[in-house]
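What follows is each chain in one-letter form.
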Amino acid sequence: IVAQRSLEAAFIADVIILVMDVTMVAPEDESYMEQLAPVRDRVVLAVNKVDNEAREHEAWNFYRYGFADVVPVSAEHGRNVDALVEVVLRRLDEHEALEAAQAAEAAAGAEAEAGEGETGADAAAVAEQRRIRVAVLGQPNTGKSTLVNALTGSDTSLVSELPGTTRDVVEGTFEYRGVAYELLDTAGIRRKQSVTENVEYYSVNRAIGSIAEADVVLLLVDAEKGLSDQDKKIARLIVERGRGLLLVLNKWDLMEGITNALNAVSDRIRFVFPILSFAPIVPVSAVEKTGFNKLLDTTYRAYSQLQKRIGTGELNRALAAWTELHPPPYVHGKRVKLHYITQVSAHPVVFVLFVSRSRGFPGSYQGYIVNRIREEFGFTDVPVRMDLRESRSGGSA
């Protein structure tokens, strides 16, 4: 009766904390997971009795059950309980935002059916929930403010021939194909040695901070000058943060008449900076207002890919096929076993691959698995990170 009451409460809860013992998985645990399958997206798995680092290592094995959030804790010692609280609070915020969006959409639909149309307040509420935040970064005077003004149809950002005019993040909004966008126009990124004024120092750091606030980053590059060393550093930071990244070749109108210009520029970028092999390259002219449709369609595609989650079962069936086609490598004379793989987060997109031995695991084979994930599951335009974890248990792929 107690167990049944617990399950009944779980099905009406916004967030469910499923507690399991790190030292064993009981039949009751398996039963609970099976019964919670219809609401598994609300489940946070708390792996208890993780009293030391050795047991924390064992806790990684619980990712094989496919839950998005797995938190190792020690209830007796209070270890990592703060992290569990943070996950629960985040889940509650996400649930509240989803309910608000659904309520706004339902209200808008009801009014439309009644022939009353959507009110300005309802439209604003729906747009707020669907808003995609886009940061616009790049070297000074690459046309960031001009691009923002052209997209928003306003003079929100100050445009000047003098480099470094924009001093702070300026927000502008617009809609395209029914989706609301919020643009963050930022100060141009310069080398630290070039930053002498306190206000400019603040502006540069604010610009870099906007990466964390954004869903997708447009890195503007002067089409004639190409990708600079500083652009590469900023791009690496964006990739590390797991944000969507578009390389936007601005002032493309100045490149007209040059045969195969886009192919030549793209090939050079891919060659000198292979970490950006996934990043879409989009030529535009902020002054002429050309290339905007492709820019925004690509931005939306990248944003959509960041939201994807692939089920653990589907991933491991694919992993079995990939390893059959190209078996895992030998490390110190012994073939590495790939036990299982799971996606641990979206936005940023992160996977964990559990292997028998992580030390010395060839980067080329890790890259092979990442490339297969990109191609088969549609993560072609966003950063994908795959971490290795050692696991001495679990079935091999």
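Scroll up for the structure.
(A) Quick peek at the sheet that holds strand S14 (residues 384-390). Taken in spatial order, the three strands line up as S12-S13-S14 in an open sheet, and their pairing is mixed. Looking at which strands have only one partner, the edges of the open sheet turn out to be strand S12 (338-345) and S14. Taken over all neighbouring pairs, the strand axes of this sheet differ in orientation by 25° on average, direction set aside. Pairing between S12 and strand S13 (residues 349-355): six bridges, direction antiparallel. Pairing of leucine 338 across the sheet is with valine 355, part of S13. Strands S12 and S13 of the sheet are contacted by helix H11 (residues 312-325), whose axis makes an angle of about 135° with S12.

(B) Looking closely at the pairing of strand S1 (residues 16-21). Sheet analysis places S1 next to strand S2 (residues 43-48), joined by six bridges and oriented parallel. Its bridge partner being in S2, leucine 18 is matched across the sheet by leucine 45. One crossover worth recording links S1 to the parallel S2 by way of helix H2 (residues 27-35), and it is right-handed.

(C) Quick look at the packing of aromatic side chains. Overall, the coordinates contain seven aromatic pairs when judged by the stated rule. Here the aromatic rings of phenylalanine 174 and tyrosine 181 are separated by 5.3 Å at their centres, their planes lie at 10°, and the arrangement is stacked. Here tyrosine 181 falls in the buried class, since its relative accessible area comes to 1%. Taking 6.2 Å as the distance between ring centres and 70° as the angle between the ring planes, the aromatic pair formed by tryptophan 322 and phenylalanine 377 counts as edge-to-face. One end of the pair, tryptophan 322, is in helix H11; the other, phenylalanine 377, is in helix H12 (residues 363-377), with 55 residues separating them in the sequence. Taken together, the aromatic side chains of Phe361, Tyr365 and Tyr368 make up a single cluster linked through ring pairs. Positioned above the aromatic ring of phenylalanine 379 is the side chain of lysine 308, whose terminal nitrogen or guanidinium carbon lies 5.7 Å from the ring centre. When the ring centre of tryptophan 60 is taken as reference, the NZ or CZ atom of arginine 389 above it lies at 4.0 Å.

(D) Summary view of the environment of isoleucine 12. Here isoleucine 12 lies in helix H1 (residues 2-12). A C-alpha to C-alpha distance of 9.5 Å links isoleucine 12 and valine 39, two positions 27 residues apart in sequence.

Cut-offs and rules
- Residues numbered from 1 in each chain as written.
- Predicted model: local features only at pLDDT ≥ 70, side-chain atom pairs only at ≥ 80, totals over all residues.
- Heavy atoms only, no water.
- Pairing = 2+ DSSP bridges.
- Helix = DSSP H or I, 4+ residues; strand = E, 2+ residues; numbered from the N terminus.
- Axes fitted to C-alpha atoms, helices over the stretch in contact; angles between N-to-C directions.
- Contact = heavy atoms within 4.5 Å.
- Right-handed = clockwise from strand over helix to strand, strands pointing away.
- Phe/Tyr/Trp six-rings, centres within 6.5 Å; stacked < 30°, edge-to-face > 60°.
- Buried < 20%, exposed > 50% of the residue type's maximum accessible area, 1.4 Å probe, protein only.
- Lys NZ or Arg CZ within 6 Å of the ring centre and 35° of its normal.

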